[in-house]
Amino acid sequence: GEKARQVSDLGFLRDKRDAQGRREGDPNFDPTTMLVKLAKGEKLTPAMEQYWNIKKDHADMVIFFKMGKFYELFEEDALLGHRELDLAFMGKEAPHCGFPEAALPKYAEKLVALGHKVGVVEQMETPAQLEERNK
């Protein structure tokens, strides 16, 4: 069988805290925020930097992150998408799954019906514009 997927080894995912540094279980823990802090030697791609910059302020939402013609889910959201929506994992590394843009209403409605909050992040620039901006 397939070994159970877990979040990647990024330190901030292994030791989850809210934006104020409080852990789950603390009476003042804020589940809507997340402390995203890279440890020495950890790096993110520009797309993942953008993703975590959004996710840190919406930690209680499943984020559908538009990339090209697909919406993608990462880490804990991907684990939930696999479990609740039966989405197949992509790649062998960190949990990651996605679906074609036409399926957005179906998957968003299903997660909301299951009691989850859903955030949709649209892609506002073309790959060429992104490349130009990152020069």
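The structure displayed is predicted, hence computed values, not measured ones.

Asks: I'd like a rundown of the side chain of Asp18, residues and numbers included.
Replies: Locating Asp18 in the fold gives a position in the loop between helix H1 (11-14) and helix H2 (46-55). Given a relative accessible area of 0%, Asp18 falls into the buried group. Within the structure, Asp18 has its side chain in polar contact with the backbone nitrogen of Gln20 (distance 2.9 Å). If near-sequence neighbours (up to four positions away) are discounted, Asp18 is found in contact with Asn28, Phe29, Asp30, Thr33, Met34 and Leu35.

Asks: Help me get a handle on unusual backbone geometry, residues and values and all.
Replies: Residue Glu75 is not a glycine yet carries a positive backbone phi of 50 degrees. Positionally, Glu75 belongs in helix H3 (residues 75-85). With a phi close to 60 degrees, Asp86 is a non-glycine residue in the positive phi region. Classification of Asp86 by relative accessible area gives exposed; the value is 67%.

Thresholds, definitions, all that
- Residues numbered from 1 in each chain as written.
- Predicted model: local features only at pLDDT ≥ 70, side-chain atom pairs only at ≥ 80, totals over all residues.
- Heavy atoms only, no water.
- Helix = DSSP H or I, 4+ residues; strand = E, 2+ residues; numbered from the N terminus.
- Buried < 20%, exposed > 50% of the residue type's maximum accessible area, 1.4 Å probe, protein only.
- Polar contact = N/O pair within 3.5 Å; in protein donor to acceptor, adjacent residues only side chain to side chain.
- Contact = heavy atoms within 4.5 Å.

Fair warning: the whole summary comes from geometry, so function is off the table for now.
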